[in-house]
Amino acid sequence: MTATKTDTPMTIPNAAQRAQDTGPKGSARSERLTALVQQHGALAVLVLVSLVASFSFDSFATTDNFTNMATSSAFLAIVALGMTFVIITGGIDLSVGSLFALGGVLAAWGSRHGTLVALLLPLAVCGLIGVVNGLLVARSRLAPFIVTLAAMLGARGLMLALTDEGADTYLIGKGSFLAELGQGTTLGLGNPVWITLALFAAGALVLRRTRFGQHVYAVGGNEDAAALMGAPVARTKILVYALSALLAGLAGALNAAWLASGVTILGNGMELEAISAVVIGGTLLTGGLGFVSGSLVGVLLLKVIQNVINQIGSLDSSYQQVVSGAFLAVVVIAQTWLGRRRQLM
């Protein structure tokens, strides 16, 4: 018997060839990992902080503490929901804190004329201010920062005028439907919490499953390209600013119902808290990418941090702002790095 030789010699791939073969798969895997971190990183931090706090403080992991945190988070979460839509389009809304306070005062004032007036009045006034914001940003092409800053000052001035420079405090009668809406509970959770969850479910559905949601992402990703594709850029901007103002007014009305009064000192700095929560939740400040669920996680993370600082007891409340600011700085740096990494893939 004689051995035969094959015509093609057997070759062993070198390292460069192996890297070339596995490159696309590795790049896709790395891109998925980067997107996963960007979308769910805040949730992982929330779980980690909650676990550490549960083992460190006996009063943290209690039903009463969780219920209180959920209720107090509800109002900021509603404001952050509207802010999510605005930031995804590449805008910003600095008026939501003043609109929150104005909505509370209008709801308390309107409660003297019935629950329907108490709910519709803040929505109508705040929604109108939001439409004006959107028109100035979309049609006049003014900077959102300047427009909403002017609206913040105007709404705060209107609220002070209604309350005689804060001297008058309108009360909401006990036993009314509005008071029950803010103070009542269902299945162990406050009604504002259920309203917030329903709004977030609707917001996620609109953002992910509707044409309007697609337009929101398109405008934030590239406004000129969105216009070339036929997306109604101006109308989308007007709607998101109107939505943000409406939700801020609703949150203020619910907060007034919870407190049974329209407190004039509320809302200061809420716009910064809402922006922080949205950015911490994974929404890019430059627009085009964002998650409704991430904003809710961002709000909860901020509230858990505040609660942990309160649990320590020896730290001043100003440390809450220090920690929140540090978290925001870290998240923005991480988002910038992750965004550049995804562009290079």
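For the structure, check the block above.
Per chain, the residues get numbers from 1 upward, laid out in the order the sequence is written. Only residues with pLDDT of at least 70 are given local features in this predicted model, and only at 80 or more are side-chain atom pairs given and counted; all residues enter the totals for whole chains, interfaces and linings. With hydrogens and water stripped out, all remaining heavy atoms of the structure feed into the side-chain values.

> What am I meant to see in the overall build of the protein chain here?
When its secondary structure is counted, the protein chain shows 13 helices and 2 strands. Sorting the 345 residues of the protein chain into buried and exposed places 44% on the buried side. In this text, helices come from DSSP runs of H or I with a minimum length of four residues, and strands from runs of E with a minimum of two, each type numbered from the N-terminal end. Classification of residues uses two cut-offs on accessible area relative to the type maximum, computed with a 1.4 Å probe and protein chains only: under 20% is buried, over 50% is exposed, and between them is partly exposed.

> Quick question: what am I supposed to make of helix α10 (residues 233-259) here?
Side chains of residues three or four places apart in an α-helix project in the same direction, reflecting 3.6 residues per turn. A helix is expected to span 1.5 Å multiplied by its residue count minus one. With 27 residues, α10 extends 39 Å between its outermost C-alpha atoms, agreeing within 8% with the 39 Å of an ideal straight helix rising 1.5 Å per residue. Buried residues dominate α10, accounting for 21 of its 27 residues. Count one or two residues on from α10 and you reach A260, which has phi positive near 65°.

> I would appreciate a short explanation of helix α4 (residues 115-138) in the present structure.
Across its 24 residues, α4 extends 34 Å between first and last C-alpha, which sits within 8% of the 34 Å expected from 1.5 Å per residue. Every buried residue belonging to α4 is among A118, P122, C126, G127, I129, G130, N133, G134, V137 and A138, and all of these are buried. Looking at the buried positions of α4, the neighbouring elements they touch are α3 (96-110), α5 (144-162), α6 (177-183) and α10. Residue contacts are counted whenever heavy atoms from the two residues lie within 4.5 Å of one another.

> Is there a simple way to explain the packing of aromatic side chains in this structure?
To describe a pair of aromatic rings, you give the distance between the ring centres and the angle between the ring planes. Ring pairs are drawn from Phe, Tyr and Trp, using the six-membered ring of Trp, whenever the two centres fall within 6.5 Å, and their geometry is named by plane angle: stacked under 30 degrees, edge-to-face over 60, tilted for the rest. Evaluation of the coordinates by the stated rule reveals 3 aromatic pairs. Arranged with centres 5.7 Å apart and planes meeting at 90°, the rings of F60 and F66 form a pair that is edge-to-face. Ring centres of F75 and W258 lie 5.2 Å apart, and the angle between their planes is 35°; this geometry places the pair in the tilted category. You can see F75 sitting in helix α2 (residues 63-88) and its partner W258 sitting in helix α10, a full 183 residues away along the chain. Given the relative accessible area of 3%, F75 is considered buried. When its relative accessible area of 34% is taken as the criterion, W258 is described as partly exposed.

> Mind showing me how you'd approach unusual backbone geometry here?
The residue R141 is not glycine, and still its phi comes out positive at about 60°. In this fold, R141 is placed in the loop between α4 and α5. What makes R141 exposed here is its relative accessible area of 66%. The residue D164 is not glycine, and still its phi comes out positive at about 55°.

> Mind showing me how you'd approach the side chain of E271 here?
Take E271: it is sitting in helix α11 (residues 270-280). When charges are counted, Lys and Arg contribute as positive and Asp and Glu as negative, whereas His and the chain ends are disregarded. Here, a salt bridge means any side-chain nitrogen of Lys or Arg that lies within 4 Å of a carboxyl oxygen of Asp or Glu. It is R156 that comes nearest to the buried, bridge-free E271 among opposite-charge side chains, at 5.9 Å. Sequence-distant contacts of E271, defined by excluding residues within four places in its chain, comprise M83, D93, L94, V96, G97 and M152.

> How do you make sense of the side chain of S111 when you look at a structure like this?
With respect to the element layout, S111 can be found in the loop between α3 and α4. Think of a polar contact as two N or O atoms within 3.5 Å of one another; within protein, one of them needs to be a possible hydrogen donor and the other a possible acceptor, and neighboring residues in sequence only count if both atoms come from side chains. Engagement of the side chain of S111 in a polar contact is seen with the backbone oxygen of A108, the distance being 2.6 Å. When residues no more than four places from it in sequence are discounted, the contact partners of S111 are A118, L171, I172 and L178.

> I tried to follow the environment of L160 on my own but got confused; where do I start?
Tracing the backbone shows L160 in helix α5. Accessibility expressed as a relative area gives 27% for L160, which makes it partly exposed. Discounting residues that sit within four places of it in the chain, L160 has contacts with E165 and G166.

> Would you mind showing me how to read the packing of helix α7 (residues 191-209) against helix α8 (residues 211-221) here?
The geometry of a pair of packed helices is captured by two quantities: the angle between their axes and the separation between those axes. Axes, fitted as lines to C-alpha atoms, cover a helix only where it is in contact. Angles between the N-to-C directions of the axes lie from 0 to 180 degrees. For the pair α7 and α8, interaxial distance at closest approach is 5 Å and the crossing angle is 70°. Overall, the two elements α7 and α8 adopt an arrangement that is roughly perpendicular. Note on element contacts: α8 touches α7 through F212, G213, Q214, V216 and Y217, opposite V206, L207 and R208. Note that Gly is not counted as nonpolar here; it falls among the polar residues with everything else outside the nonpolar set of Ala, Val, Leu, Ile, Met, Phe, Trp, Tyr, Cys and Pro and the charged set of Asp, Glu, Lys and Arg. Here the residues of the contact of α7 with α8 are counted per class, giving 5 nonpolar, 2 polar and 1 charged. Note that the term roughly parallel is reserved for angles under 35 degrees, roughly antiparallel for angles over 145, roughly perpendicular for angles of 65 to 115, and oblique for everything else.

> Whenever I open this one, the environment of V279 confuses me. Can you help?
With respect to the helices and strands, V279 occurs in helix α11. Overall, V279 belongs to the buried group, its relative accessible area being 0%.

> So what exactly am I meant to see when it comes to a nonpolar patch on the surface here?
Patch building starts from residues that exceed 30% relative accessible area and form no salt bridge, then joins like charges within 9 Å and nonpolar side chains (Val, Leu, Ile, Met, Phe, Trp, Tyr) within 5 Å. To be clear on the numbers: accessible area is Shrake-Rupley with a 1.4 Å probe, and residue cover counts the displayed protein chains and nothing else. Where nonpolar side chains cluster on the molecular surface, the patch consists of L43, V47, L51 and F55 and spans about 420 Å² of accessible area. Position of L43 among the secondary structure elements: in helix α1 (residues 15-56).

> Please explain the pattern of salt bridges as it appears in this structure.
Two side chains with opposite charge may pair up if their charged atoms get near one another. Counted under the stated rule, the structure contains 2 salt bridges. Note that E223 is salt-bridged to R141, the shortest N-O span being 3.6 Å. In this pair, E223 is assigned in helix α9 (residues 223-228) and R141 in the loop between α4 and α5, connecting sequence segments 82 residues apart. The closest approach of N and O atoms between K237 and E223, which form a salt bridge, is 2.9 Å. Taken together, the residues K237 in helix α10 and E223 in helix α9 connect sequence positions 14 residues apart. Residue K237 is classed as buried on the basis of its relative accessible area of 13%. Within the structure, one salt-bridge network assembled from shared partners comprises R141, E223 and K237.

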